[in-house]
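Summary of the model geometry
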Amino acid sequence: MASRPPSIDALARSIADVGLPHALLVEAARSAVAAGEPAEARAMAEETALALLRPVVNATGVLLHTNLGRAPLGAHSPARPANVELDLATGSRGSRQSHVAPLLARLTGAEDAIVVNNGAAAVLLVLAALAASRPVVVSRGELVEIGGGFRVPEVMNSSGAHLVEVGTTNRTRLADYRRALDASPDVALVLKVHQSNYRIVGFTESVSVRELSQLPVPLVVDLGSGLLDSTTPWLEGRPPAWLAEEPAVRQSLRAGAALVTFSGDKLFGGPQAGVIAGRRELVARCARHALARAVRPGGLVLSALQDVALAYLRRDASSIPFWRMATSPVDEIRERAAVVAEKVGSPASVTACSSVPGAGSAPGQAIPSFGVAVAGDLLAPLRRCDTPVIARVQDGRTICDLRSVDPSDDGVLADGLARAVAVGPRDDRLSGPASGATGRSRRSSGDTPPRATETR
Ligand SMILES: *Cc1c(COP(=O)(O)O)cnc(C)c1O
């Protein structure tokens, strides 16, 4: 402290309203002075602030946006520990798999379940625990890459299992699996991978879970999306049309899958997590493997997951943000859009648009929605609002889709849009990339809104 030149300290103090800890302001001030541009200190501090995590308004219409952490959840955090590994009945050491995992088993009809950090970890653990140094048979049509670099052949490799490919990209038959099993008697598993974010159309053939489960080795189904039950008992009325082709956990287990793996933060609507559910003895082998310790979830994740599991058991979709967004009546969304457009004023108008589930779920399926449109590309100024608004540009207009916005944020969205309109499209003070809903990330996340180019 003592040796800091007063000018740096004074400069840091003069930009205190940026809201960063003093040490980070000092760093910005020092960099600016070193660059001979002391006036840039504020801009540098603002860049630092922009790089931090913060809540945003998701107006992209991609309900589960991988770049925005997929399923949104409310925060709830009194500063108290939880009985993560304490058995409250006996006072002795318990298991972190004893709270939410049985609820998940019950919801899916599985004998047992465990929770890990994410879907990729679930697949990795299953392969490592049940198939290390042994062959695993997979259809060539399912050797997919899922958003952010989950590649089935690479995960297989990392687990120590040996990939045996069968069939062709577009057609795989039961006889192909049979031949592979006959050729190598040591096959540990058949793995069926949900293609998630893409679809093969035309002259195609694949083998159902029911047929594959007749083979003499256990069938593992990597479902990814985590739709619990295709009859959606937690929703009033019939399952929504956009779910029609999405395979579900309960039905896959009932059709004979020995294990199913899925993510917590896709159609399940919970925090980032992975679930392994199915036959008790196979789940137990996964839980005993050394990797299980490396991919175990923390108490915050487990308690958030438990809240969602309890909501499903109560059949209360209204307390699961994803299902609330996904099933919100389109007329209500239009009314909200009208209120927001009116608040923003003249350049804003209500527009019909389409939302998508996102996170590689139900590819090609759109959910009718309404948004607020303004001419031009306002993505950059919207990202720089106090509560950043993430929107998309389509046909030369900025569109804020109200389906992915929580109604309690409509006012924040209106304020942000009004500010962005006032600032105008050219807010390149800090020369951030003006394209891309989330700026830097251009990697495919499996989130492809219909006809929009900005939120991949
Ligand atoms: C999303 C997905 C994964 C990866 O899950 P993460 O939770 O993102 O790690 C694996 N397999 C399938 C089929 C998926 O859809």
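Higher on the page you've got the structure.
Owing to the predicted nature of the structure, the values given are computational and were not obtained by experimental measurement.

1. Some remarks on the pairing of strand 4 (residues 135-139)
A regular strand carries its side chains on alternate faces of the sheet. Counting buried residues in strand 4 gives five out of five residues, a clear majority hidden from the surface. Residue alternation in strand 4 divides its side chains into two sets, Pro135, Val137 and Ser139 and Val136 and Val138, and both sets are buried. Of the pairings in the sheet, the one linking strand 4 to strand 7 (residues 162-166) comprises five bridges and is parallel in character. Pairing of Val136 across the sheet is with Leu163, part of strand 7. Bridge analysis of strand 4 against strand 8 (residues 189-193) gives two bridges, and the strand direction is parallel. By the bridge assignment, Val136 is partnered in strand 8 with Leu189.

2. Overview of the nonpolar core
Core analysis: the biggest nonpolar cluster contains 62 residues, and Leu104, Trp242, Tyr312, Phe322 and Trp323 have the highest contact counts within it. Viewed by domain, this core spans two of them, domain 2 (56-67 + 324-454) and domain 3 (101-297), each represented by three or more residues. Setting aside chain neighbours within four positions, we find Tyr312 in contact with Leu107, Leu228, Trp234, Leu267, Phe268, Gly269, Ile320 and Trp323. By size, the runner-up hydrophobic cluster in this structure holds 33 residues, among which are Ala129, Ile146, Val155 and Val283.

3. Here's the deal with the site of the ligand
Taken together, Arg70, Asn118, Gly119, Ala120, Ile146, Phe150, His194, Ser196, Asp222, Gly224, Ser263 and Lys266 make up all the residues around the ligand. The separation between an oxygen atom of the ligand and a polar side-chain atom of Arg70 is 2.9 Å. Residue Ala120 places a main-chain N or O atom 2.8 Å away from an oxygen atom belonging to the ligand. For the ligand, the accessible surface in isolation is 380 Å², of which the surrounding protein chains cover 93%. Where the shell around the ligand is concerned, the elements lending two or more residues are helix 5 (119-131) and strand 9 (219-224).

4. Considering the side chain of Arg96
In this structure, Arg96 sits in the loop between strand 2 (62-64) and helix 4 (100-108). In this structure Arg96 comes out as buried when scored by relative accessible area, which is 12%. Of note is the side chain of Arg96, whose polar atom sits 2.9 Å from the side chain of Glu85. With residues up to four places along the chain from it excluded, the contact list for Arg96 reads Val84, Glu85, Arg296, Pro297, Gly298 and Leu302.

5. With respect to the environment of Ser98
Among the secondary structure elements, Ser98 is positioned in the loop between strand 2 and helix 4. Taking the C-alpha atoms as reference points, Ser98 and Val209, 111 residues apart in sequence, are found 29 Å from one another. Only 2.8 Å separates the side chain of Ser98 from the backbone oxygen of Ser95, close enough to count as a polar contact.

6. As for the sheet that holds strand 13 (residues 367-375)
Spatially, the five strands line up as an open sheet ordered 2-12-13-16-15, and their pairing is mixed. Because the sheet does not close on itself, it has two edges, and the strands there are strand 2 and strand 15 (392-394). For this sheet, the mean angle separating the axes of adjacent strands, direction not counted, is 45°. Taken together, the five bridges between strand 13 and strand 16 (residues 397-401) define a ladder with antiparallel strand orientation. Bridging across to strand 16, Val374 finds its partner in Thr398. Relative to strand 13, helix 14 (residues 330-344) is tilted by about 10°, and along the sheet it contacts strand 12 (349-358) and strand 13.

7. Considering the packing of aromatic side chains
Scanning the model with the defined rule gives seven aromatic pairs in all. Pairing Trp242 with Trp323 gives two aromatic rings, centres 6.1 Å apart and planes at 25°, and the pair type is stacked. With a gap of 81 residues between them, Trp242 in the loop between strand 9 and helix 9 (249-254) and Trp323 in helix 13 (residues 321-327) connect regions that are remote in the sequence. The buried category is assigned to Trp323, whose relative accessible area is 0%. Each ring, one from Phe322 and one from Trp323, has its centre 5.0 Å from the other, and the planes form 70°; the classification is edge-to-face. Ring-pair connections join several aromatic residues into one group, and the members of that group are Trp234, Trp242, Phe262, Phe268, Tyr312, Phe322 and Trp323. Stacked on the ring of Phe203, the Lys or Arg Arg171 has its end atom at 3.7 Å from the ring centre.

What counts and how
- Residues numbered from 1 in each chain as written.
- Predicted model: local features only at pLDDT ≥ 70, side-chain atom pairs only at ≥ 80, totals over all residues.
- Heavy atoms only, no water.
- Buried < 20%, exposed > 50% of the residue type's maximum accessible area, 1.4 Å probe, protein only.
- Helix = DSSP H or I, 4+ residues; strand = E, 2+ residues; numbered from the N terminus.
- Pairing = 2+ DSSP bridges.
- Core = buried A, V, L, I, M, F, W, Y, C linked by side-chain atoms within 4.5 Å.
- Domains from an automatic or database assignment.
- Contact = heavy atoms within 4.5 Å.
- Near = heavy atom within 4 Å.
- Polar contact = N/O pair within 3.5 Å; in protein donor to acceptor, adjacent residues only side chain to side chain.
- Areas by Shrake-Rupley, 256 points an atom, 1.4 Å probe, with all protein chains shown as cover.
- Axes fitted to C-alpha atoms, helices over the stretch in contact; angles between N-to-C directions.
- Phe/Tyr/Trp six-rings, centres within 6.5 Å; stacked < 30°, edge-to-face > 60°.
- Lys NZ or Arg CZ within 6 Å of the ring centre and 35° of its normal.

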